[in-house]
Amino acid sequence: MAQRKITVIPGDGIGPDIIDSALQILDKAGCDFEYEFADAGLAALEKHGELLPQRTLDLIEKNGVTLKGPLTTPIGKGFTSINVSLRKRFNLYANLRPVISFKGTQARYENIDIITVRENTQGMYSGLGQTVSEDGCTAEAMSLVTREGAERIVRFAYELARKENRKKVTIVHKANILKSTSGLFLDVAREISAAYPDIETAEMIVDATCMKLVMNPEEFDVIVTTNLFGDIISDLCAGLVGGLGMAPGANIGDNAALFEAVHGSAPDIAGKNLANPTSVILASIQMLEYLGMQDKAEAIRRAVTAVIEEGDRTTCDLGGTHGTTDFTQAVMERL
Ligand code: NAI
Ligand code: MG
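Residues numbered from 1 in each chain as written. Chains lettered and ligands numbered in written order. Predicted model: local features only at pLDDT ≥ 70, side-chain atom pairs only at ≥ 80, totals over all residues.

Taking an unreviewed UniProt entry as the reference, the protein chain is identified by name as Isocitrate dehydrogenase (NAD+) belonging to Desulfoluna spongiiphila. Regarding the protein chain, the UniProt comment filed under Sequence similarities (unreviewed entry) reads as follows: "Belongs to the isocitrate and isopropylmalate dehydrogenases family." (UniProt positions renumbered as here; feature names shortened; annotations may be inferred.)

Can you explain the site of ligand 1? Please cite residues and give values.
Among the 20 residues in the neighbourhood of ligand 1, the closest are listed as Thr72, His263, Gly264, Ala266 and Asn276. Taken together, the residues of the shell around ligand 1 break down into eight nonpolar, nine polar and three charged. (Near = placed C-beta within 6 Å. Nonpolar A, V, L, I, M, F, W, Y, C, P; charged D, E, K, R; others polar.)

Help me get a handle on the sheet that holds strand 11 (residues 248-252), residues and values and all.
Pairing within the open sheet is mixed, and its ten strands lie in the order 2-1-3-12-11-4-5-10-8-9. Among the strands making up the open sheet, the edge pair consists of strand 2 (33-37) and strand 9 (200-205). Going across the sheet, the axis of each strand differs from the next one's by a mean of 25°, ignoring polarity. Set on the sheet, helix 8 (residues 227-240) makes contact with strand 4 (94-100), strand 5 (113-119), strand 8 (168-173) and strand 10 (222-225); between it and strand 5 the angle comes to about 160°. (Pairing = 2+ DSSP bridges. Helix = DSSP H or I, 4+ residues; strand = E, 2+ residues; numbered from the N terminus. Axes fitted to C-alpha atoms, helices over the stretch in contact; angles between N-to-C directions. Contact = placed C-beta atoms within 7 Å.)

I'd like to hear about the domain arrangement of the protein chain, residue by residue, with values.
Looking at the protein chain, the domain boundaries give domain 1 (1-103 + 242-335) and domain 2 (119-240). The distance between the C-alpha centroids of domain 1 and domain 2 comes to 25 Å. No other element matches strand 4, which puts four residues into the side of domain 1 that touches domain 2. Residues belonging to the side of domain 1 that touches domain 2 are distributed by class as follows: seven nonpolar, four polar and three charged. (Domains from an automatic or database assignment.)

Run through the packing of helix 1 (residues 15-28) against helix 11 (residues 324-334), naming residues and quoting values.
Taken N-terminus to C-terminus, the directions of helix 1 and helix 11 make an angle of 15°; their axes are 10 Å apart at the nearest point. The orientation of helix 1 with respect to helix 11, classified from their angle, is roughly parallel. Classified by chirality, the crossing of helix 11 by helix 1 is right-handed. Residue-level contacts link Asp17, Ile18, Ser21, Gln24, Ile25 and Lys28 of helix 1 to Thr324, Thr328, Val331 and Met332 of helix 11. (Parallel < 35°, antiparallel > 145°, perpendicular 65-115°, else oblique. Left-handed = near helix turned anticlockwise from the far one by under 90°.)

With reference to specific residues and values, describe the packing of helix 1 against helix 9 (residues 278-290).
Following both chains from N to C, one finds helix 1 and helix 9 inclined at 45°, their axes separated by 8 Å at the closest point. Comparing their axes, helix 9 and helix 1 come out oblique. For the pair helix 1 and helix 9, the sense of crossing is right-handed. Across the interface between the two elements, Ile18, Ile19, Ser21, Ala22, Ile25 and Leu26 of helix 1 pack against Val280, Ile281 and Ser284 of helix 9. The residue inventory of the contact of helix 1 with helix 9, partitioned by class, reads seven nonpolar, two polar and no charged.

I'd like a description of the nonpolar core, backed by residues and values.
Within the largest apolar cluster, 91 residues are counted, with the highest numbers of intra-cluster contacts made by Ala22, Val117, Val154, Ala157, Ala189, Val224 and Ile300. Built from parts of two domains, this core gets at least three residues from each of domain 1 (1-103 + 242-335) and domain 2 (119-240). For Ala189, the contacting residues outside a window of four places in its chain are Ala150, Val154, Ile171 and Val224. (Core = buried A, V, L, I, M, F, W, Y, C linked by C-beta atoms within 7 Å. Buried ≥ 20, exposed ≤ 12 C-beta atoms within 10 Å, placed from the backbone.)

Go over helix 10 (residues 294-310), please, and point to the residues and values.
With 17 residues, helix 10 extends 24 Å between its outermost C-alpha atoms, agreeing within 8% with the 24 Å of an ideal straight helix rising 1.5 Å per residue. Looking at the buried positions of helix 10, the neighbouring elements they touch are helix 1, helix 9 and helix 11. Where helix 10 ends, the next residue or the one after it, Gly311, has phi of about 80°, a positive value. (Expected span 1.5 Å × (residues − 1).)

Could you give me a rundown of the confidence of the model for the protein chain, with the residues and numbers involved?
With 99% of its residues at a pLDDT of 70 or more, the protein chain shows a mean pLDDT of 94. Interface scoring of the predicted complex returns ipTM 0.96; its pTM is 0.94. (pLDDT = per-residue confidence, 0-100.)

Talk me through the environment of Ala43; I want residue IDs and the actual numbers.
Mapping Ala43 onto the fold places it in helix 2 (residues 42-48). Residue class for Ala43 comes out buried when judged on the 22 C-beta atoms lying within 10 Å of it. Taking the C-alpha atoms as reference points, Ala43 and Ile14, separated by 29 residues in sequence, lie 12 Å from one another.

And the structure:
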């Protein structure tokens, strides 16, 4: 069989180091991928004079599956976010942000396993109708929710719950105030949920959800919600398990999927062998699950979990004293 090709964007700052760590681990686990490397972000701007070169877009489209390191978006100069551009361009409408707690870390809770399914292209981030009046005193932006957009993300969440043997989906909304947009989302979500009697459905208003996530996170399993609420809630969830260094994200559409660490390029520690590669390793586990390679995914998950929970070869952000390469080595020894 031909080798599965994966597009790899090493990215900026700590990106190349943590991506290298993930690729070494995938190889050691026997995944047999062929990697096609592409530039984006600052690295691309310096080499090719643009943040998102055509060749990179072509490779993302051709291979369908991309593993991506964090990208630096230059400030000022009118650059738009590369991540937002990629989501729009490939219609990556589902953003999956799982968080799982590891024992023995400084995480606030020890038995959390929550996945946020965030609508990734509409809502307050539609980019539509952004105006500021001439006197600079009135600003407007359009929130967009369509029946089609709500249906596909809610169905995605329930199908995921079924596939992963999860018990409950919580629909998060603010339909009491945002009657049109959040109201439509909630109506559609209720309709879809009726087709999944095997899965418990809960409805929760977004502000109450934040409080309950902090107080009783064990009550949550799958959360499905609109773009802005999902952005905020998924970072809150990352905070429950020890921060962004432990949080991966998948951006999935019908024809392409992009897996990434959710943190940034961490310029303060770049090139110092200090970065924790866990989030991008967890993103590569999401990628394996997407490709139907559950055995490899499980094997890597067990190895990473063991190294983090033993705690004697972890990176500084987890209270350890070891570098990126040594942590990676420890995970590979476990495989
Ligand atoms: P950041 O996430 O890069 O860093 C925040 C803090 O967390 C820093 O102290 C950093 O050292 C630490 N940190 C982040 N990842 C770590 C890891 N794996 N191991 C250990 N420590 C880690 O956020 P910041 O500084 O706001 O952004 C830096 C750049 O990254 C900016 O140019 C921003 O635009 C970009 N960025 C890119 C993202 C992406 O491509 N998905 C997401 C967020 C920011
Ligand atoms: Mg965010």
